[in-house]
Amino acid sequence: MSITVTPTHPEFVAEIGGVDLGAPLKPADRDAIEAAINRYAVVIFHGQKLDDERQVAFARHFGPVEASAAKLRQRDIKHRLLADEIADISNLDSDGKVLEADARRRLDWLGNRLWHTDASFRRVPGALSMLYAHVIPDEGGDTEFADMRAAYDALPDRTKQELEGLVAEHSIWRSREQLGVVKYSAEELASLPPVPQRVVRTHPGSHRRTLYIASHASHILGRPVADGRLLLMDLIEHATQPRFTYAHAWKQGDLVIWDNRCTMHRARPFDTTKVRDLRRVTTRDVASTLEQAA
Ligand code: OGA
Ligand code: MN
């Protein structure tokens, strides 16, 4: 079996075939996958058979794996999926039943419906996310992606200059607040304090410049909050024009990898009384964006 990489969008996104991700990964295949991620930012594998352990083992080939933020914050509640490395992106409770409309974990999970980039609210943010589909509803529930390198390239020079050196404050509480989800204990709030991240960064895998913003980005340091928010809103609106986006319609057995350093993503609606079971493993970036090349 030899690995194939087929681009499916004019700017980013490729499908990768000819590799079984549940089997030991050959070094040449690992390198081909990494090169495809660096070039295309979103890569899609179909028909994979992974359990949680194999999904984590595969991810470890691409960097240190992060513990799920929800599990770190909510040590006291029972989680459905046991490994700390697996983020539960399903709409199921710890007994495997569809979450009640007002369930706390469901409200948190609805944050995924906003354009975001995983773990930008951590000082050392997320790098690659790898989401695997166990159960998919018949309709809806696509995941959309936006190419932040192409979006940056298309900005007017004047805007690029204005963005030089800007730093945004990112906080998970900011994205939750946008949906009216605000009831968190002081302990939880303290567990994930706001962090600074560059608004424009150089994507290490391609050396292209990219926007680094989205729903956890609250405001711009050194500017009135309102001005910063308006700037961030304008940039998100710019970056999510159809020419910069791709919608992934899931099939059971799909594994999608995206590079959080140069994309945003969001979940689309579906009938949440139906089961949608996706599980994610995310690798950690090497340092805060402030400590990386501008
Ligand atoms: C995620 C995420 C979107 C979706 O796993 O980080 O945002 O469609 N998922 O479930
Ligand atoms: Mn996400």
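Our subject in this report is the structure included herewith. (Residues numbered from 1 in each chain as written. Chains lettered and ligands numbered in written order. Predicted model: local features only at pLDDT ≥ 70, side-chain atom pairs only at ≥ 80, totals over all residues. Heavy atoms only, no water.)

**What to know about the site of ligand 1**
Thinking step 1. In the vicinity of ligand 1, the contacting residues are Ile89, Asn112, His116, Asp118, Leu131, Thr143, Trp258, His265, Ala267, Arg276, Leu278 and Arg280.
Thinking step 2. Between an oxygen atom of ligand 1 and a side-chain N or O atom of Arg276, the distance comes to 2.8 Å.
Thinking step 3. Note that an oxygen atom of ligand 1 is positioned 2.7 Å from one of the side-chain N or O atoms of Arg280.
Thinking step 4. About the coverage of ligand 1: the protein hides 100% of its 290 Å² of free accessible area. (Near = heavy atom within 4 Å. Polar contact = N/O pair within 3.5 Å; in protein donor to acceptor, adjacent residues only side chain to side chain. Areas by Shrake-Rupley, 256 points an atom, 1.4 Å probe, with all protein chains shown as cover.)

**Overview of the environment of Lys49**
Thinking step 1. Take Lys49: it is sitting in the loop between strand E3 (42–45) and helix H2 (52–59).
Thinking step 2. In this structure, the C-alpha to C-alpha distance between Lys49 and Arg208, residues 159 residues apart in sequence, is 34 Å.
Thinking step 3. The contacts of Lys49, once residues within four sequence positions are left out, are Gly22, Arg54 and Tyr132. (Helix = DSSP H or I, 4+ residues; strand = E, 2+ residues; numbered from the N terminus. Contact = heavy atoms within 4.5 Å.)

**Structural notes on the packing of aromatic side chains**
Thinking step 1. One pass over the structure, following the stated rule, counts six aromatic pairs.
Thinking step 2. Ring centres 6.4 Å apart and planes at 80° place the aromatic pair Phe45 and Phe58 in the edge-to-face group. In this pair, Phe45 is assigned in strand E3 and Phe58 in helix H2, connecting sequence segments 13 residues apart.
Thinking step 3. Here Phe145 and Tyr246 contribute two aromatic rings whose centre-to-centre distance is 6.5 Å and whose plane-to-plane angle is 20°, an arrangement assigned as stacked. (Phe/Tyr/Trp six-rings, centres within 6.5 Å; stacked < 30°, edge-to-face > 60°.)

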